[in-house]
Amino acid sequence: MEEILRVLLVASAFNSLTQRVHTELRRRGHTVGVELALGDDLLRARVARFRPELILAPMLTTAIPEDIWTEYTVLIVHPGPMGDRGPSSLDWAISTGAREWGVTVLQAVEEMDAGPIWASVPFPVASCGKSELYRNEVSDAAVAAVLLAVQRFADGDAEPEPLDYDRPDVRGRLRPYHTQENRRIDWSADDTETVLRKLRAADSQPGVLDELFGREYFVHGGHREDRLRGTPGAVIATRDGAICRATVDGAVWLPQLRRRRTPGGPKTFKQPAVDALRADLADDVPEVPVTPAEASVRDTWSELRYHEQGSVGYLEFAFAGGAMSTAQCRRLLAAYRQACARPIRALVLGPDRDFFSNGIHLNVIEAADDPAEESWRNINAMNDLVEAILTTTDILVISALAGNAAAGGVMLALAADEVWCRESVVLNPHYRLMGLYGSEYWTYSLPRRVGTAEAARLTREPLPVGAAAAGEIGLVDRVLPGGTQRFRDQVRRDAAALADSPELADRLTAKKRQREADESVKPLARYRAEELAQMRRNFFDEGEPYHGLRRNFVYNVAPPATPAYLLG
């Protein structure tokens, strides 16, 4: 049996990987605390108070002080294979077209990324953006490597292996910072594949610095277009907030832009590309729509895709960062209603990979002329979508979570009849960190799954819930092992079996009766009205913390100290 340890996680942010490591270690009985890397003296004080047996850094952009790593064993999670060094590992992997990469857990020493190796796990490099790769293949490999390293450390008799470039399995090397000069797109010469590699290597951060209509922007994300063509570099179309820009041999869709900050000017943040270009985009640039069904058989960008296999419909949605604006909620609701009108017996909701949903779109709200009013519109659009799912009684609805969900995105998933999630999923079923009471019918959906007391705890304590723990308390119905492809294959097999089972008719009848019984006790409209009364105060009353917390989130303002809920 593995020894139980006091583990202090040190991270530049409590991001998706840090949250997953946190849930995995706690599940195995370890005492886990978190300290954000906000200053060496703060870290020293926290180490003295927590008295860790092991310090682990899942995501760190600064160095650990020498007096700490000489006194404690400090393990660094580096997103590169053995021997890889430098701050831009994944950027180089994607931009150079690597097919396999790795995650290495190494011990902190004076020279960055050069310490002895405790564990290293390879992973395939999928054809996607850096952030999506990080939250899927990188995360899976990192957790496997972390658990192996922690076990070896706990055993007490394992020794890390010194970094030795003469070994044939050490294929990495020291790589420089991936600068904007490396990322620069030459629209007059770069083909589509080259453009996509550059965009994917920078999709979340830092973006690719580019020029549009005489202004500088950072471009975040890129997707191939299979039909539209034009003068290289020209903006030739828009779709649902994204712009399409021609290359020398095709075109790419650019969903998000961030205006380059001028010296001394205000901070900027990501916006839908059309919104960012509102003042400059010509009126003659056409909006070129695509239906979810058409998008599913084309190589083009769309946030929504729909296809059918037998008697099962699959409505896939993929929103950048998992955020859903008013317009995106309304488009998804329209697609949901169209799917429900099809001759299907079951409907699966969720993207193939990455985020399920993180609720309302804080960046779009921040950019609005009246953020309070836009917040109100957005939460009502989310509620309309959730209500449609809750009141569907003639089709079995399944939420399939290949990736994480938070706040209203969790409640969106819980509106379905069944919730299936991949074993790597992390859920944050609370609204507290935005100063919100919450809506999306959570006061109906959450207690009926986990009970009143557990629902109160989940919404009161702003800590992540791992997939296994979610399954144990009934928050989700099934936890499926493996990577994203294995998850998709299993979902399709199991959804088809449910849709074709002779018991489905009786189950749908029981579902309808239960909905009617619940409605007679307390109508959904009352749940919505009670929740929105609280949310209206959050949005419109003076002194409410929501607007300040939202701005800090959008502008990535670091807290002055590690929040109390992370102290462990």
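Draft legend 1. Here's a closer look at the overall build of the protein chain. Each helix and strand in the protein chain was counted, giving 20 helices and 23 strands. Taken along its principal axes, the extent of the C-alpha atoms in the protein chain is 65 × 60 × 55 Å. Scored against the burial criterion, the 568 residues of the protein chain give a buried share of 56%. Residue pairs in contact within the protein chain that sit at least 24 positions apart in sequence constitute 69% of those at least 6 positions apart. As displayed, the protein chain has an accessible area near 24300 Å², and 49% of this comes from carbon and sulfur atoms.

Draft legend 2. Representation of the packing of helix α10 (residues 326-340) against helix α12 (residues 371-390) in the model. Relative to each other, α10 and α12 sit at 15°, their axes nearing to 8 Å. Our classification of the angle between α10 and α12 gives roughly parallel. The chirality of how α10 crosses α12 is left-handed. On α12, the residues that touch Thr326, Cys329, Arg330, Leu332, Leu333 and Tyr336 of α10 are Glu374, Arg377, Asn378, Ala381, Met382, Asp384, Leu385, Ala388 and Ile389.

Draft legend 3. The arrangement of a negative patch on the surface in detail. A cluster of acidic side chains, namely Glu3, Glu53, Asp155, Asp157 and Glu159, defines a negative patch on the protein surface. Looking at where glutamate 53 falls in the secondary structure, it is placed in the loop between α2 (40-50) and β3 (54-57).

Draft legend 4. Focus on the environment of glycine 408. Summarising the element assignment, glycine 408 is placed in helix α13 (residues 408-414). For the pair glycine 408 and asparagine 383, spaced 25 residues apart in sequence, the C-alpha separation works out to 9.2 Å. Not counting chain neighbours up to four residues away, the residues in contact with glycine 408 comprise Gly359, Met382, Tyr431 and Glu440.

Draft legend 5. Spatial organisation of the nonpolar core. In this structure, Tyr336, Leu347, Leu401, Leu427 and Leu446 are the most contacted members of the largest nonpolar core, which totals 67 residues. Here this core gets eight residues from one element, more than from any other, and that element is α12.

Draft legend 6. Structural detail: the packing of aromatic side chains. Scanning the model with the defined rule gives nine aromatic pairs in all. Taken together, the aromatic side chains of Phe317, Phe319 and Phe356 make up a single cluster linked through ring pairs. Over the aromatic face of tryptophan 420 sits the side chain of arginine 478, whose NZ or CZ is 5.2 Å from the ring centroid. Here the basic side chain of arginine 536 rests over the ring of tryptophan 376, its NZ or CZ set 4.8 Å away from the ring centre.

Draft legend 7. View of the sheet that holds strand β4 (residues 74-78). Taken in spatial order, the six strands make up an open sheet running β2-β1-β3-β4-β5-β6, and their pairing is mixed. Of all the strands in the sheet, the pair left with one neighbour each is β2 (31-36) and β6 (117-124). Pairs of neighbouring strands in the sheet enclose a mean axial angle of 20°, with direction left out of account. The pairing of β4 with strand β5 (residues 100-107) spans four bridges and is classified as antiparallel. Bridging from a neighbouring strand, leucine 75 pairs with glutamine 107 of β5. Most of the contacts of helix α5 (residues 130-155) go to β6, to which it runs at about 155°, and overall it touches β3, β4, β5 and β6.

Draft legend 8. Main features of the sheet that holds strand β8 (residues 215-220). Within the open sheet, the four strands sit side by side as β7-β8-β13-β14. Their pairing is antiparallel. Single-partner strands in this sheet number two, and they are β7 (208-212) and β14 (271-272). Here β7 runs beside β8; their pairing, made up of five bridges, is antiparallel. When the bridges of β8 are listed, leucine 209 appears paired with phenylalanine 218.

Draft legend 9. Expanded view of helix α19 (residues 524-540). With 17 residues, α19 ought to run about 24 Å at 1.5 Å a step, and its terminal C-alpha atoms sit 24 Å apart, in line with that. For α19, the set of buried residues is Leu524, Tyr527, Arg528, Glu531, Leu532, Met535, Asn538 and Phe539. Contacts from the buried residues of α19 go to α12, α14 (442-450), α18 (504-521) and α20 (546-554).

Draft legend 10. Structural view of the pattern of salt bridges. According to the stated counting rule, one finds 49 salt bridges in the structure shown. Between glutamate 294 and arginine 227 there is a salt bridge; the shortest N-O distance is 3.3 Å. Taken together, the residues glutamate 294 in helix α9 (residues 292-295) and arginine 227 in the loop between β9 (223-225) and β10 (235-239) connect sequence positions 67 residues apart. Since its relative accessible area comes to 27%, glutamate 294 is described here as partly exposed. Its relative accessible area of 53% is what places arginine 227 among the exposed residues. We note a salt bridge from glutamate 461 to arginine 457, for which the minimum N-O separation is 3.2 Å. The class for arginine 457 is partly exposed, based on a relative accessible area of 28%.

About the criteria used
Residues numbered from 1 in each chain as written. Predicted model: local features only at pLDDT ≥ 70, side-chain atom pairs only at ≥ 80, totals over all residues. Heavy atoms only, no water. Helix = DSSP H or I, 4+ residues; strand = E, 2+ residues; numbered from the N terminus. Buried < 20%, exposed > 50% of the residue type's maximum accessible area, 1.4 Å probe, protein only. Contact = heavy atoms within 4.5 Å. Areas by Shrake-Rupley, 256 points an atom, 1.4 Å probe, with all protein chains shown as cover. Axes fitted to C-alpha atoms, helices over the stretch in contact; angles between N-to-C directions. Parallel < 35°, antiparallel > 145°, perpendicular 65-115°, else oblique. Left-handed = near helix turned anticlockwise from the far one by under 90°. Patch = residues over 30% accessible without salt bridge, like charges linked within 9 Å, V, L, I, M, F, W, Y side chains within 5 Å. Salt bridge = Lys/Arg side-chain N within 4 Å of Asp/Glu carboxyl O. Lys, Arg positive; Asp, Glu negative; His and termini not counted. Charge placed at Lys NZ, Arg CZ, Asp CG, Glu CD. Core = buried A, V, L, I, M, F, W, Y, C linked by side-chain atoms within 4.5 Å. Phe/Tyr/Trp six-rings, centres within 6.5 Å; stacked < 30°, edge-to-face > 60°. Lys NZ or Arg CZ within 6 Å of the ring centre and 35° of its normal. Pairing = 2+ DSSP bridges. Expected span 1.5 Å × (residues − 1).

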